[in-house]
Amino acid sequence: MDHFKHIPGTLLQKAMLIKLLVSDLDGVLTDGGIILDDNGMEYKKFQVKDGQIIAYLKLSGIQTGILSGRNVKVSQVRCEQMKVDFHFHGVRDKWATLKEIIEKKGISTSEVAYIGDDLIDLELLGKVGLSAAPADAMAYIRDKVDYVTLTKGGKGAFRELADIILYAQGGLKISI
């Protein structure tokens, strides 16, 4: 069975060009929930499958990054654990930050995929080669992207997009 038969050919064509996959953190790599204890310590739940795919992206020559609007230690720790190529926290203007990164890397916007779920991501989503949002993103965000994942934020939405990119580029080996 072809797990990617629901993916339109136009989306696969865009995915074939991707050299850099960037993600929002809260609402994409997490479900957007925040757990606070009585001391104000913040806790988040991450989906291990999202982190696991990063090694496979790297093997295929695809770089990864995180742009988070919030600056929280636990998020920084998780980014380090996942070994993304870059991560920036407390970013207010995500497009300006990404624009600077891609200029330094010498890649074009058509070679960048981004997945985000809220207003802070909207401008950036409109400027990259492949834009995506988790299934539970705000409706006005889902309406503006190339692809809405079947999975929700924190439940493998990043992994789903990464799998599509790897599949399109021939880097996802799923046969036994």
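Refer to the structure printed above.
Residues numbered from 1 in each chain as written. Predicted model: local features only at pLDDT ≥ 70, side-chain atom pairs only at ≥ 80, totals over all residues. Heavy atoms only, no water.

J.: Which parts of the structure should I look at to understand the pattern of salt bridges?
T.: Think of it this way: side chains of opposite charge can pair up when their charged atoms draw near. Using the criterion set out here, one finds 12 salt bridges in the structure. With a closest N to O distance of 3.8 Å, Asp26 and Arg70 form a salt bridge. Of this pair, Asp26 sits in the loop between β1 (20-23) and β2 (35-36) while Arg70 sits in the loop between β4 (63-68) and α3 (73-82), placing them 44 residues apart in sequence. Exposure remark for Asp26: the relative accessible area of 15% places this residue in the buried category. Each member of the salt-bridge network shares a partner with another, and the members are Asp26, Glu42, Lys44 and Arg70. (Salt bridge = Lys/Arg side-chain N within 4 Å of Asp/Glu carboxyl O. Helix = DSSP H or I, 4+ residues; strand = E, 2+ residues; numbered from the N terminus. Buried < 20%, exposed > 50% of the residue type's maximum accessible area, 1.4 Å probe, protein only.)

J.: Teacher, can you tell me more about the packing of aromatic side chains here?
T.: Across all of its chains, the model carries 2 aromatic pairs by this definition. Ring geometry for Phe4 versus Tyr167: centroids 4.2 Å apart, planes at 15 degrees, classification stacked. Of this pair, Phe4 sits in the segment before α1 (9-16) while Tyr167 is found in helix α7 (residues 157-168), placing the two residues 163 residues apart along the sequence. Since its relative accessible area comes to 10%, Phe4 is described here as buried. Residue classification places Tyr167 among the partly exposed residues on the basis of a relative accessible area of 29%. Ring plane angle 40 degrees and centroid distance 5.9 Å describe the contact between Phe86 and Phe88, whose orientation is recorded as tilted. (Phe/Tyr/Trp six-rings, centres within 6.5 Å; stacked < 30°, edge-to-face > 60°.)

J.: I keep staring at a nonpolar patch on the surface and nothing clicks. Help me out?
T.: Taken together, the side chains of Ile35, Met41 and Tyr43 present a nonpolar region at the surface, about 320 Å² in accessible area. Take Ile35: it is sitting in strand β2. (Patch = residues over 30% accessible without salt bridge, like charges linked within 9 Å, V, L, I, M, F, W, Y side chains within 5 Å. Areas by Shrake-Rupley, 256 points an atom, 1.4 Å probe, with all protein chains shown as cover.)

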